[in-house]
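Overview (structure and organization)
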Amino acid sequence: MVYKNNLYFDVQSASREVTGNCTYLTIPFPNKTEKRILIDAGLFQEKEYLELNKSFGFNPENIDYVFITHNHTDHTGRIPLLYKLGYKHMVFCTNKTHKVLPIALNDTTSILYNDAKLKKEKPLYDIADTQKALNSIVSYPNNELFRLDDNISFMFIPNAHIYGAASIFLKIKYPGEKTINLLFSGDYAKENMLFNTEEIPSWIFDTSPIIFQECTYGNTNSWDTVHVFKENMVEACKEEKCILLPAFSLGRYQEAMYLINLYKKMGVIPKNYPVYLDGVMPLKYNSIILNDDTLKKEAKEILNAYPFTIVTHENRGHVMQPFGKKIVIASSGMMTNGWSYEYMKNWLCYDNVLIHLLGYMAEGTFGRKLLEMKKGEILELLDGQKVLKLAQVEHTSELSAHAKQDDLLEYLKPFPTINAHFSMHGNNDVREIYSSKVATKINPKSTFNLRPDTIYRLDGYGFRKSIPLTNYAIVR
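Predicted model only: the values in this text are computed from it and were never measured. (Residues numbered from 1 in each chain as written. Predicted model: local features only at pLDDT ≥ 70, side-chain atom pairs only at ≥ 80, totals over all residues. Heavy atoms only, no water.)

Describing the pairing of strand β16 (residues 353-357)
Put simply, the test is: Burial status follows relative accessibility: with a 1.4 Å probe on protein chains alone, a residue under 20% of its type maximum counts as buried, one over 50% as exposed, and anything between as partly exposed. Helix numbering and strand numbering both begin at the N terminus, where a helix is a DSSP run of H or I of at least 4 residues and a strand a DSSP run of E of at least 2. At least two bridges found by DSSP between two strands is the condition for calling them paired.
Burial analysis of β16 places five of its five residues in the buried class, which makes it a mostly covered element. Because side chains alternate across β16, one face comprises the buried residues V353, I355 and L357, and the other comprises L354 and H356, equally buried. Here strand β12 (residues 242-246) runs beside β16; their pairing, made up of three bridges, is parallel. Bridging across to β16, L244 finds its partner in I355. Bridge count for β16 against strand β19 (residues 392-395) is four bridges, and the pairing is parallel. By the bridge assignment for β19, H356 is matched with E394.

Focus: the packing of aromatic side chains
The line we're drawing: When the centres of two rings from Phe, Tyr and Trp lie within 6.5 Å, Trp using its six-membered ring, the rings pair. Their planes under 30 degrees apart give stacked, over 60 give edge-to-face, and anything left gives tilted. Only lysine NZ and arginine CZ atoms are considered, and such an atom sits over a ring when it is within 6 Å of the ring centre and within 35 degrees of the ring normal.
Considering all chains together, one arrives at 30 aromatic pairs under this definition. Ring-pair connections join several aromatic residues into one group, and the members of that group are Y65, F67, F92, Y140, F146, F154 and F156. One cation-aromatic arrangement involves K178 over Y461; the distance from NZ or CZ to the ring centre is 5.5 Å. The ring centre of Y217 lies 4.9 Å from the NZ or CZ of K404, which sits over that ring.

Some points on the environment of I200
Defined as follows: Only heavy atoms matter for contacts: two residues are in contact if any of them lie within 4.5 Å across the pair.
Assignment of secondary structure puts I200 in the loop between β10 (180-184) and β11 (210-214). You can call I200 partly exposed: its relative accessible area is 22%. For the pair formed by I200 and L118, sequence separation is 82 residues and the distance between their alpha carbons is 46 Å. When neighbours within four sequence positions are excluded, I200 is seen to be in contact with I157, F205 and Y411.

So, the sheet that holds strand β9 (residues 166-172)
Put simply, the test is: Here, axes are lines fitted to C-alpha atoms. For helices the fit covers the stretch in contact, and angles between N-to-C directions go from 0 to 180 degrees.
With respect to topology, seven strands assemble into an open sheet ordered β7-β8-β9-β10-β11-β20-β21, the strand pairing being mixed. In this open sheet, the two edge strands, each paired with only one partner strand, are β7 (146-147) and β21 (447-449). Summarising the sheet, β11 and strand β20 (residues 420-424) pair through five bridges and their orientation is parallel. Bridge pairing in β20 links F212 to F422. Here helix α12 (residues 405-412) sits on the sheet in contact with β9, β10, β11 and β20, set at roughly 160 degrees to β11.

Side note on the pattern of salt bridges
Condition: Counted as salt bridges are all cases of a side-chain nitrogen of Lys or Arg within 4 Å of a carboxyl oxygen of Asp or Glu.
Summed over the entire model, instances satisfying the criterion amount to 17 salt bridges. Put simply, R457 and D10 hold a salt bridge, and the shortest N to O gap is 2.7 Å. In this pair, R457 is assigned in strand β22 (residues 454-459) and D10 in strand β1 (residues 8-13), connecting sequence segments 447 residues apart. Comparing R457 with D10 shows no difference in burial state: the two are buried. Of the charged contacts, one joins R316 and D278 as a salt bridge, the two residues approaching to 2.7 Å between their closest N and O atoms. In this pair, R316 sits in helix α9 (residues 316-320) while D278 sits in strand β13 (residues 275-278), placing the two residues 38 residues apart along the sequence. Of the two residues, R316 and D278, neither departs from the other in class, the shared state being buried. Overlapping salt bridges, with partners in common, bring together K96, K99, D292 and D293 in one network.

Notes on the side chain of S332
One can find S332 in the loop between β15 (326-330) and α10 (338-347). If near-sequence neighbours (up to four positions away) are discounted, S332 is found in contact with P246, A247, N337, G338 and S340.

Focus: the environment of I204
Structurally, I204 is set in the loop between β10 and β11. Judged by its relative accessible area of 0%, I204 is buried. Considered as a pair, I204 and P414 are 210 residues apart in the sequence and their alpha carbons are 9.5 Å apart. Look past the residues within four positions of I204 in its chain and what remains in contact with it is M155, I157, F169 and F415.

Quick notes on the sheet that holds strand β14 (residues 309-310)
If you walk across this open sheet you meet the six strands as β14-β13-β15-β12-β16-β19, and the pairing is parallel. Each edge of the open sheet is held by one strand with a lone partner, namely β14 and β19. With respect to the sheet, helix α5 (residues 229-238) is in contact with β12, β15, β16 and β19, its orientation differing from that of β12 by roughly 150 degrees.

Focus on α5
Among the residues of α5, those classed as buried are F229, N232, M233, V234, A236 and C237. Here the buried face of α5 lies against β12, α6 (252-266), β15, β16 and β19. Of the residues trailing α5, E240 is marked for its positive phi of about 55 degrees.

Topic: the environment of E199
With respect to the helices and strands, E199 occurs in the loop between β10 and β11. For the pair E199 and A391, spaced 192 residues apart in sequence, the C-alpha to C-alpha distance is 43 Å.

Regarding the nonpolar core
The following threshold applies: What we call a nonpolar core is a set of buried Ala, Val, Leu, Ile, Met, Phe, Trp, Tyr and Cys residues that are connected through their side-chain atoms within 4.5 Å.
Core analysis: the largest hydrophobic core is formed by 43 residues, its most contacted members being F229, I243, L245, M257, Y258, I327 and I329. Elements that contribute at least two residues to this core include exactly α3 (95-119), α5, β12, α6, β13, α7 (280-289), α8 (297-303) and β15. Per element, the largest residue contribution to this core is eight residues, and it comes from α6. Those residues in contact with Y258, other than ones at most four positions away along the chain, are M193, L194, E298, A299, I302 and L303.

A word on the pairing of strand β23 (residues 462-468)
Of the strand pairs in this sheet, β22 and β23 are connected by six bridges, and their pairing is antiparallel. Across the sheet, I455 pairs through a bridge with I467, a residue of β23. Between the antiparallel neighbours β22 and β23 lie two residues.

Quick word on the packing of α12 against helix α13 (residues 428-441)
What counts, and what does not: In this scheme, roughly parallel covers angles under 35 degrees and roughly antiparallel covers those over 145, while 65 to 115 is roughly perpendicular and the rest are oblique. Left-handed describes a crossing in which the near helix is turned anticlockwise from the far one by less than a right angle; the clockwise case is right-handed.
The interhelical angle for the contact between α12 and α13, taken along N-to-C directions, is 45 degrees, at an axis separation of 11 Å. Looking at the two axes, α12 sits oblique to α13. Relative to α13, the crossing made by α12 is right-handed. Facing Q405, L408, L409 and L412 of α12, the residues of α13 in contact are I433, Y434, K437, V438 and K441.

Here it is as structure tokens:
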């Protein structure tokens, strides 16, 4: 069939590094109508980009559809801002993400309000904006193709990153034109220690898609990962230390619970070593996801094998004391806020303490600061107080919910043809490294580092041209 070749789309990314995920598609159809689609609307968490949270590089009033890949703040945290700035339509996500999204958005709203109050500024958005967003969520089951309108269809494809996470497949068609197939990996993991995950439908592989793929750890392979968590926990328990595990509320928190009980079952740490759970948000998540039908039978048995003690207002004063053997799992994961920050503030100056970081620490967070500090240096806290670092601080990436380079490449191998490949959601140098690796190992028609200063124009055959963002209005 001979196609007219008048159907194309333009894509723009707002993300500079890892956080602040937001990808904007503009589709001008041959009949002079236009559709605009947003994939994720996340908060920037790197200190140097925080100012970018205040606005988007487009007018939210003009957006037609918003899709969310999963329930992490760097992908969802600015959804209420869309509504504050004029977005009027629905937000689409998976059924499981819909269950947990209200917990995250309400918590983010509270954090932003308290932060703004301290700075004597107006918050980025308020509870009314958040409620408007939550009232507009529409959820769908996985692995079913749904029609948005006459020209656009979509499907959520589950992946193992966290509970409810999905890749997004978009099909854009128009009479007489070559169909455009897009696949957004979202944050991706090959498998999850807690949940069973469905496979990618095989027919997707033959769609010759344009793929937008995360590459947070695109410069390292799974065999490069040093597994230290178990060893560090065993040693700290032998020394009867106070152990703080700052954990991301959804995913890492539950995995930390699982691993502690697994080590107890294995007999490598004492079965009677007290474990405390602190943080309102993760406990809300626990009530949903630890009762989900996709939870592995073995995982459920291990999670129930030994008791956890919930930290409450009544016992927090006792638990907060940095004396006596104990393990505390507390949110947030990067210690920028939440109870993990409070424990760190009280425990950092004691050498009988282990603070074990469990994942990526963004620039400017207290987690990153602790990693970069030497023992004996001074940390300045949010209120200006200063504390001496004497605690042992360790870090591991082995629990990361992001695939490493080898698994990212495996994700691509089943596709006989990839019309274009974009590396995203990673530090700029990592994106460049991974793009180069994709070009040599997978050989798509073209490969790109999805840069925020460039508009990329593509069609059903792949890449057409790139346009500097500053010239975009003129070119169009």
